[in-house]
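Chain and residue survey
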Amino acid sequence: MNVLFESKNGTGYLTINRPDKLNALNIDTINELKETFLKVEQDKTIKCVIVTGSGEKAFVAGADIEYMQKLTPNEALKFARLGQETLHLMEVSNKPYIACVNGYALGGGFEVALSCDIIFAQVNAKFGFPEVSLGILPGFGGTQNLSRLAGKLIAKELIFSAKMIDAAKAKELGIVNEIYQTREELLSAAKELAVQIQKNAPLAVGFAKRAIVDGFGLSKEDGLRYEASLFGVVFSSVDAKEGLSAFVEKRKPNYTGG
Ligand code: HXC
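Computed from a prediction, not measured in an experiment: that's the story for all the values here. (Residues numbered from 1 in each chain as written. Predicted model: local features only at pLDDT ≥ 70, side-chain atom pairs only at ≥ 80, totals over all residues. Heavy atoms only, no water.)

Concerning the sheet that holds strand E5 (residues 97-101)
Strand order in the open sheet made by the 6 strands is E1-E2-E3-E5-E7-E10, with mixed pairing throughout. Single-partner strands in this sheet number two, and they are strand E1 (3-8) and strand E10 (178-180). The mean inter-strand angle of the sheet, taken between neighbouring strand axes irrespective of direction, is 20°. Helix-sheet contacts for helix H1 (residues 27-42) involve E1, strand E2 (11-16), strand E3 (48-53) and E5, and the interaxial angle to E1 is about 20°. Against the sheet, helix H8 (residues 183-198) engages E2, E3, E5, strand E7 (118-122) and E10, with an angle of about 165° to E3. (Pairing = 2+ DSSP bridges. Helix = DSSP H or I, 4+ residues; strand = E, 2+ residues; numbered from the N terminus. Axes fitted to C-alpha atoms, helices over the stretch in contact; angles between N-to-C directions. Contact = heavy atoms within 4.5 Å.)

Things to note about the environment of glycine 139
Position of glycine 139 among the secondary structure elements: in the loop between strand E8 (126-128) and helix H5 (142-150). Note on glycine 139: relative accessible area 23%, which makes it partly exposed. Taking the C-alpha atoms as reference, glycine 139 lies 17 Å from lysine 152; in sequence the two are 13 residues apart. Once residues lying within four places of it in the same chain are set aside, the contact partners of glycine 139 are Ala80, Gln84 and Glu111. (Buried < 20%, exposed > 50% of the residue type's maximum accessible area, 1.4 Å probe, protein only.)

Observations regarding the packing of H1 against helix H3 (residues 73-92)
Where H1 contacts H3, the axes come no closer than 9 Å and their chain directions differ by 30°. When the axis of H1 is compared with that of H3, the two are roughly parallel. Crossing of H1 against H3: the hand is left-handed. Every residue of H3 that contacts H1 at Ile27, Ile30, Asn31, Leu33, Lys34, Phe37 and Leu38 is listed here: Phe79, Leu82, Gly83, Thr86, Leu89 and Met90. For the contact of H1 with H3, a count of residues per class yields 9 nonpolar, 3 polar and 1 charged. (Parallel < 35°, antiparallel > 145°, perpendicular 65-115°, else oblique. Left-handed = near helix turned anticlockwise from the far one by under 90°. Nonpolar A, V, L, I, M, F, W, Y, C, P; charged D, E, K, R; others polar.)

Examining the domain arrangement of the chain
Partitioning the chain into domains gives domain 1 (3-198) and domain 2 (202-248). Each of domain 1 and domain 2 was reduced to a C-alpha centroid, and the two centroids are 27 Å apart. Between domain 1 and domain 2, the residue contacts involve 12 residues of the former and 8 residues of the latter. Counting each side, the surface lost to burial between domain 1 and domain 2 is near 680 Å², with a carbon and sulfur contribution of 56%. When the buried surface of domain 1 facing domain 2 is broken down by residue, Glu91, Asn94 and Arg148 rank first, second and third, together holding 57% of it. In this assembly, domain 1 and domain 2 are joined by 1 salt bridge. Its salt-bridge partner being lysine 209, residue aspartate 117 comes within 2.9 Å of it at the nearest N-O pair. Broken down by element, the side of domain 1 that touches domain 2 gets its largest block of residues, 3 residues, from H3. By residue class, the composition of the side of domain 1 that touches domain 2 is 5 nonpolar, 2 polar and 5 charged. (Domains from an automatic or database assignment. Buried area = accessible area lost by both parts, 1.4 Å probe. Salt bridge = Lys/Arg side-chain N within 4 Å of Asp/Glu carboxyl O.)

Written out as structure tokens, the structure is:
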């Protein structure tokens, strides 16, 4: 299995698992990722997902170069589209995805992290887009997602130079939320955040994700209208009634996801 997945107390734990190849994404791994994301969507008990890589050295060191070397241009285009569609499943999901970057996040690996909602990094994390040094370019959404997250200037500098940056620099550029010293600290911080997210109304969290992710491409005015329409819809939910009443009645809310 190139992708390991388990869920515990509402949190899904997804591990990309090809440690001998620094978790490089070959076609099997991408297909397994896709299946896992689709499974997460079906499972109402999962409220949040943590994504990490196997082993000590890497989150994901990119798309599998040996695999790509054999592709025709048409197959390469299809490979890029499959990777984009697969990672996009995290963005269209209403469930928050937290990346725990435990080492190299290069090329397609950086793109996995960029498709998550929150990025936590271990101090040894290294981010970069080496593609142009291989004669190719980022193809799993990196050009679009990095420029949207960090701005076009930063995206151009990193992508054109193919240089790697460390976790501290990535945090300075707004690409990383928090840095942790050890893998244990990294995973336990992500778990703690997942627990905190799960205390809230799932529909409200999901709609807030939609407002931020989908609203990003809209004009400010359209984004505000979209936010208000989601606000109106969430107001008809059982959990909105519960949350507002619980505050007034000075008790803890009991959210059911309705
Ligand atoms: C295939 C990879 C790989 C990759 C590492 N390996 N990265 N195999 N694809 N992306 C393999 C190595 O070949 C080696 O296998 C094993 O993993 C350990 O790697 P080493 O190179 O021995 O480790 P180290 O010396 O510590 O160097 C680490 C590294 C280096 C700096 C991360 O592995 C590296 O530069 N990897 C390539 C990074 C990269 O260019 N990524 C972007 C790919 S393009 P063996 O069998 O020899 O032990 C991309 C495009 C996405 O992602 C979009 C597509 C449409």
